[in-house]
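Observations on the model geometry
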Amino acid sequence: CTAIGGGGNGHSNITINGGTITAVASGTGTAIGGGTGFSYAGGRGYVTINNGNVYAYNFTNIYNIPSSAIGGAGSSAREGSLGKVIINGGNVYAESGLGTAIGGGSSSNQRGGSAQIEIYGGNVIAKSLSANSAGIGGGTTGFGGNGTWTGGDDSKKNGGDAIVIIGQEAKINDLSAPILRTGSIGGGGSGVGGNIGNANITIYGGDIQAQFVMADSPSNSFIMEGGLIRNSDTSDD
């Protein structure tokens with residue numbers, strides 16, 4: 001079940017203001033966030049981290065259902081659940097064995113859960129061990145542990161949508177916050193024949209190392225007004 005958050009299928013509203021926390025799960029629920037789902041939807045996860053040292057791990061599970069480390073929970077038969085995560089400061093490490101590290105919950109047979117991620121400060125490392133899942137963003141859909149589609153309905157193969165804001169609009173070009181390291185940011189991974197989720201990404205500042213996953217759709221947007229994307233040596237100018 002969930003280490004910190006909702007019980008079975010339960011929603012959560014969690015605020016962390018300080019201290020050192022290590023949360024470990026190995027299921028369809030999250031390490032920090034929404035509660036376990038299987039035949040029914042997992043819980044939505046609302047998580048705010050203001051400070052502290054936070055370590056969240058969601059290892060693989062016997063059902064091969066991907067789920068997030070921080071955010072929304074996963075499910076087998078229903079859609080992944082919403083993950084809304086706000087990070088204002090602190091040191092955060094999130095790792096998921098199958099799903100998104102920070103963001104929406106995932107599903108084996110329905111579309112991935114949506115995500116709303118706001119990172120205004122802190123040092124954040126988000127790592128998904130699955131090549132099919134975002135480090136930060138929408139939930140994955142249709143993948144078992146070997147990365148193959150397990151569902152039957154093509155219309156349900158889309159990954160979860162994501163809204164991501166990095167840095168504060170009032171502090172454009174402030175590279176001191178946040179510092180972000182992850183594999184990818186954007187829409188959730190899709191099943192074979194499906195589409196990755198839509199992503200609307202806005203960057204006001206920060207020191208970022210990530211790939212940005214954007215579907216070929218007018219519903220997607222990428223706005224960068226400040227900061228540095230280190231892996232491509234791209235800045236706002």
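In this text the structure is predicted, and so the values were computed from the model without any measurement.

What counts and how
- Residues numbered from 1 in each chain as written.
- Predicted model: local features only at pLDDT ≥ 70, side-chain atom pairs only at ≥ 80, totals over all residues.
- Heavy atoms only, no water.
- Helix = DSSP H or I, 4+ residues; strand = E, 2+ residues; numbered from the N terminus.
- Contact = heavy atoms within 4.5 Å.
- Areas by Shrake-Rupley, 256 points an atom, 1.4 Å probe, with all protein chains shown as cover.
- Buried < 20%, exposed > 50% of the residue type's maximum accessible area, 1.4 Å probe, protein only.
- Core = buried A, V, L, I, M, F, W, Y, C linked by side-chain atoms within 4.5 Å.
- Pairing = 2+ DSSP bridges.
- Axes fitted to C-alpha atoms, helices over the stretch in contact; angles between N-to-C directions.
- Salt bridge = Lys/Arg side-chain N within 4 Å of Asp/Glu carboxyl O.
- Polar contact = N/O pair within 3.5 Å; in protein donor to acceptor, adjacent residues only side chain to side chain.

With that out of the way, let us pick up the overall build of the protein. On a plain count of helices and strands, the protein comes out with 0 helices and 20 strands. Of all intrachain contacts in the protein linking residues separated by at least 6 positions in sequence, the fraction that spans at least 24 positions is 73%. Within the structure as shown, the protein displays about 9200 Å² of accessible surface, and the carbon and sulfur contribution to it stands at 46%.

Moving on to the environment of Ile-86. Along the chain, the position of Ile-86 falls in strand E8 (residues 83-87). Of the residues examined, Ile-86 reaches a relative accessible area of 19% and is grouped as buried. A C-alpha to C-alpha distance of 9.4 Å links Ile-86 and Thr-15, two positions 71 residues apart in sequence.

In this structure, Ile-32, Ile-70 and Ile-102 are the most contacted members of the largest nonpolar core, which totals 37 residues. If sequence neighbours within four positions are ignored, Ile-70 has contacts with Ile-32, Val-47, Ile-49, Ala-56, Val-85, Val-92, Ala-94, Ala-101, Ile-102 and Gly-103.

All right, on to the sheet that holds strand E11 (residues 115-119) then. The 7 strands are arranged E2-E5-E8-E11-E14-E16-E18 in an open sheet whose pairing can be described as parallel. Because the sheet does not close on itself, it has two edges, and the strands there are strand E2 (12-16) and strand E18 (221-224). If you compare each strand with its neighbour and ignore which way they point, the axes differ by 5° on average. Where E11 lies against strand E14 (residues 162-166), 5 bridges are found, and the strand directions are parallel. Bridged to Ile-119 within E14 is Ile-166.

The final tally for this structure, using the stated rule, is 3 salt bridges. Where Asp-161 meets Arg-111, a salt bridge forms, and the shortest distance between an N and an O atom there is 3.6 Å. Placement of Asp-161 in the loop between strand E13 (136-137) and E14 and of Arg-111 in the loop between strand E10 (102-103) and E11 is noted, with a sequence separation of 50 residues between them. Across the pair Asp-207 and Arg-230 runs a salt bridge whose closest N-O atoms are separated by 2.5 Å. Within this pair, whereas Asp-207 is found in strand E17 (residues 207-213), its partner Arg-230 is found in the loop between strand E19 (228-229) and strand E20 (234-235), the two being separated by 23 residues in sequence. For Arg-230, a relative accessible area of 41% corresponds to the partly exposed category.

You can see Asn-220 is positioned in the loop between E17 and E18. We classify Asn-220 as buried; its relative accessible area is 13%. Polar contacts involving the side chain of Asn-220 include one to the main-chain amide nitrogen of Ala-199, which spans 2.6 Å. When residues no more than four places from it in sequence are discounted, the contact partners of Asn-220 are Gly-197, Asn-198, Ala-199, Asn-200, Met-214 and Ala-215.

Glancing now at the pairing of strand E15 (residues 179-186). In this sheet, E15 lies alongside strand E12 (residues 123-128) in parallel orientation, the contact comprising 4 bridges. Bridging from a neighbouring strand, Val-124 pairs with Leu-180 of E15. Two elements, E13 and E15, share 2 bridges in a ladder whose sense is parallel. Pairing of Ile-136 across the sheet is with Ile-185, part of E15. By the bridge criterion, 6 bridges tie E15 to E17 in an arrangement that is parallel. Residue pairing in the sheet places Ser-184 in a bridge with Gln-211 of E17.

Most of E8 sits inside the fold, with 4 of its 5 residues counted as buried. Bridging between strand E5 (residues 45-49) and E8 involves 5 bridges; their strand directions are parallel. Residue pairing for E8: Ile-49 is matched across the bridge by Ile-87. Judged from the 5 bridges that link them, E8 and E11 form a sheet pairing that is parallel. For Lys-84, the partnering residue across the bridge sits in E11 and is Gln-116.

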